[in-house]
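Structure at a glance
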Amino acid sequence: MVGITAYGAYIPRLRLDRMSIFQSMGWFAPAVVMVAQGERSMCNWDEDSLTMAVAASRDCLTGMDKSQVDGLYLASTTLPFADRQNAGIVATALNLRSDIITADFTASQKAGSGALITALDAVKAGDRHQVLVAAADRRETRAAYFYEMWFGDGAAALCVGDENVIAEFLGSHSVSYDFVDHYRGTGKKYDYMWEERWARDEGYAKIIPEAVNGLMDKLGITMDDVDQLVFPCFFKAEHRKIAALLGAGKDKVADNLHEVCGETGTAHSLLMLSAALETASPGNRILVAGFGQGCNALYFKVTEKILDLKGRNGVKGCLENKKTIDNYPKFLKFRDLIQTEMGIRAEAPTQTAMTALWRKRQMILGLVGGRCQACGTAQFPKMDICVNPGCGALRTQLDYEFADVPVTIKTFTADLLAVSVDPPHCYGMIQFDGGGRFMADFTDCQMDDLKVGLPMRMVFRKRSEDRERGFVNYFWKAAPVPGARELMNRIRFDGQVAVITGAGGGLGRAYALELAGRGARVVVNDFGGARDGAGSGDRSPADRVVEEIQAAGGQAVANYDNVATVEGGENIIKTALEAFGTVDILINNAGILRDKSFTKMEPENWDAVMAVHLNGAYNVTRPAFAAMKEKGYGRIVMTTSAAGLYGNFGQTNYSAAKMALVGMMNTLKLEGAKSDIKVNTVAPLAASRLTEDILPPEMFSKMKPELVAPLVVYLCSDRCTGTGAIYNTGMGFVNRAAVMTGPGTLLGDLEHPPTPEQIHENWDRINAMEDSKPLPDLTSALMDLMTSVQ
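To keep things clear, this report deals only with the structure shown in the data block.

Topic: the environment of Leu96
Tracing the backbone shows Leu96 in the loop between α3 (86-93) and β5 (101-105). Sequence separation between Leu96 and Leu72 is 24 residues, and the spatial gap between their C-alpha atoms is 9.1 Å.

Observations regarding the packing of helix α6 (residues 196-219) against helix α7 (residues 236-245)
Running from amino to carboxyl end, α6 crosses α7 at an angle of 35°, the nearest separation of the two axes being 10 Å. Handedness of the α6/α7 crossing: right-handed. Packed against α6, whose contacting residues are Arg200, Tyr204, Ala205, Ile208 and Pro209, the element α7 presents Glu238, Ile242 and Leu245 at the interface. Of the residues in the contact of α6 with α7, the class split is 6 nonpolar, no polar and 2 charged.

Quick word on a nonpolar patch on the surface
Together, Val180, Tyr183, Tyr192, Trp194 and Trp198 make up an exposed nonpolar region whose accessible area comes to about 540 Å². With respect to the helices and strands, the residue Trp194 is situated in the loop between β10 (192-193) and α6. By relative accessible area, which is 48% here, Trp194 ends up partly exposed.

What about the packing of helix α16 (residues 566-580) against helix α17 (residues 603-631)?
In the contact formed by α16 and α17, the axes pass within 7 Å of each other and the chain directions differ by 40°. On the basis of their axis angle, the class for α16 and α17 is oblique. Note that α16 runs across α17; the crossing there is right-handed. For the pair α16 and α17, the contacting residues are Val566, Gly569, Glu570, Ile572 and Ile573 in the first and Asn619, Val620, Pro623 and Ala624 in the second. Split into classes, the residues belonging to the contact of α16 with α17 amount to 6 nonpolar, 2 polar and 1 charged.

Examining the environment of His425
Mapped onto the elements of the fold, His425 is located in strand β19 (residues 425-432). Sequence separation between His425 and Leu367 is 58 residues, and the spatial gap between their C-alpha atoms is 22 Å. When sequence neighbours within four positions are dropped, the list of residues in contact with His425 reads Thr413, Ala414, Asp415, Ala418, Val419, Ser420 and Asp441. At 2.8 Å, the side chain of His425 forms a polar contact with the side chain of Asp441.

Quick notes on the nonpolar core
Counting residues in hydrophobic clusters, the biggest one holds 106 residues, and the most contacted among them are Leu277, Phe300 and Leu367. The element contributing the most residues to this core is helix α4 (residues 111-124), with 8 residues. Grouped together as the second largest cluster of nonpolar side chains are 49 residues, Ala36, Trp150, Ile221 and Val226 included.

Overview of the sheet that holds β19
The antiparallel open sheet is built from 5 strands, whose spatial order is β20-β19-β18-β21-β22. Whereas interior strands pair on both sides, the edge strands pair on one side only; in this sheet they are β20 (437-441) and β22 (471-480). Strand-to-strand, the axes of this sheet are offset by a mean angle of 30°, without reference to chain direction. Bridging between β19 and β20 involves 5 bridges; their strand directions are antiparallel. The residue of β20 that forms the bridge with Gly428 is Ala440. Of the strands in this sheet, β21 (455-466) and β22 touch helix α2 (residues 49-60), which is tilted by about 155° from β21.

Some details on the side chain of Thr582
Among the structural elements, Thr582 can be located in the loop between α16 and β26 (585-587). Using a relative accessible area of 15% as the deciding quantity, one classes Thr582 as buried. Setting aside chain neighbours within four positions, we find Thr582 in contact with Val497, Ala576, Leu577 and Lys631.

Calculation notes
- Residues numbered from 1 in each chain as written.
- Predicted model: local features only at pLDDT ≥ 70, side-chain atom pairs only at ≥ 80, totals over all residues.
- Heavy atoms only, no water.
- Helix = DSSP H or I, 4+ residues; strand = E, 2+ residues; numbered from the N terminus.
- Axes fitted to C-alpha atoms, helices over the stretch in contact; angles between N-to-C directions.
- Left-handed = near helix turned anticlockwise from the far one by under 90°.
- Contact = heavy atoms within 4.5 Å.
- Nonpolar A, V, L, I, M, F, W, Y, C, P; charged D, E, K, R; others polar.
- Patch = residues over 30% accessible without salt bridge, like charges linked within 9 Å, V, L, I, M, F, W, Y side chains within 5 Å.
- Areas by Shrake-Rupley, 256 points an atom, 1.4 Å probe, with all protein chains shown as cover.
- Salt bridge = Lys/Arg side-chain N within 4 Å of Asp/Glu carboxyl O.
- Buried < 20%, exposed > 50% of the residue type's maximum accessible area, 1.4 Å probe, protein only.
- Parallel < 35°, antiparallel > 145°, perpendicular 65-115°, else oblique.
- Polar contact = N/O pair within 3.5 Å; in protein donor to acceptor, adjacent residues only side chain to side chain.
- Core = buried A, V, L, I, M, F, W, Y, C linked by side-chain atoms within 4.5 Å.
- Pairing = 2+ DSSP bridges.

Structural data, given as structure tokens:
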């Protein structure tokens, strides 16, 4: 069986908002607004067709044995060298064997599909067993032009072989015409375009259907035998018309990617094919066509082997890893379409010594260093002496490829004096896993993206360009791993133990799931009583949350004790110590309601609420606080309420208990300060069984506990260095509440105490809260009073 064995893709991270072109140049070319929707992919200043081909090929070779590749075909109409085999540079960068065939395919937009057919024929004939086909284009247009909107930069790569085939090749059909919808003369930078209607009506609309129908006639199939029809056409309406003409419904037609990246030239049919393979299932049949001075049509059937293919970045990953810009002048500068003063620092000699490049080709183009056979230490560059001080062996190093080795930032800087097309010039020392480091340029990032320890990946890029002699130098740079900074900044609780009371549902459950999802081991406490605290308890609420956590891969144990008793509080913490050995986090969340107006508030209703909210917090916090003091670290979150902070009719018991917790926090923050125990209080407004018949239904539905959890999780983390604060939160909104002291006024003195009449006369000044301030403790309050009367 012959066919595709792997696929890969590369779309540059940068995307230009098409509307920015119109906003900058609409005064000159107002008609471009008609195609100014979406965004187009754009190369960074150090990217070209060759670097993109390397990137797509590396993606394609993920999980593959590249030593089995015995051919590389590179297709592009924008290759950097007219008389230096570009495919040979790609092969060297990929560290492929030297005894393979390499070839450049060019001069037509259908070169990509043509290279694919040639590779399939070579494997089918038995001359080759694994051929890598890469296609890439970085086409230039003049500014403020329709084609500037339609075009995009990108690359795709496919491995073709006779083993582990993921898409069997069933046949092809080609038509060749000297149809000139555009052309680029030798030595010219831009394509010369004929009118769009000509290209649309006489080109796409006639030539693509001829090739596709020819293939179907040749194989004896109809459109019913096609699950996905793949063909490029940047005229969106015409794309739909051609599909309809061929009898393909909307569900069969692959998206032409116009809105998200634009048409990528020779790569586009292969890029669209790669996107189709990403979502294909065994048995799916794909018909792909590549247009340009004729058309190539190919037919594939997806096999079961696609299920075994190792995951790769692909088109989806490239589209997700993006940075959209609306800086049109930056786009023009990156394309060298505007000339700027680069300063005398840019006048350094740029001539390349071909002899040195040849001798060090593996190091420069392939990022090959050495690894000591004696001690296993890797180093870059490869040398005769092992850099390991404990080894120092001579001539023991074998070639070692660094391109795919994980790497992190050791140091970095941003230099505004160094020559850079995209200042500041970011660079620094990078450290490879397992050994090896060097000073590297950084790309695809800004200063704010960088951080010591940030995971990076090596990318093949343009290093410099000798414009006088027409020579481009390539080397490897470091770029941030997509999403790595976000992961580094992600608050984690690995190795920490959290105790959450009342965690069988509502807010407590949300806290438990979020903390466990971030690595914490969780004690899920819930007595399982009724909303008013009645009943003998129920184990199922706590058990269900523990099962949820464990099903997601987390660690948790259940506890069913009642916080209202001293023994219950001690047992809750004992559960944590016995199961996990420590306590780092405590969230006092358990609560009940027994609402009545004050004159109807019986002592048992008052005592029951106090027992759970205030006494319960004491019962659990006291043993937890002791464990935290012993280890010198802890985070405690109390739960107050707006009813306690501001009052609420019919909740005197609840309000008193909740405000008492603020007082408890105020003292615990002082007693825990030396042991790095931070104590804060949250006043949540969220949907729970305590609020389901209090809040209006439309408001209740918007108050998800998950919108409160982020604040509480932050307060539980080592990132939180504040203590003794109160926070209101609900529906994603967060603000701080505080007990504030106004500036007040001085009345009378020791000899002449103020009279009630003076109090009345100065009542507005006494009540004034302008320039009020929170006071951190009793001593501060006394000092504030004393300084005011002196």
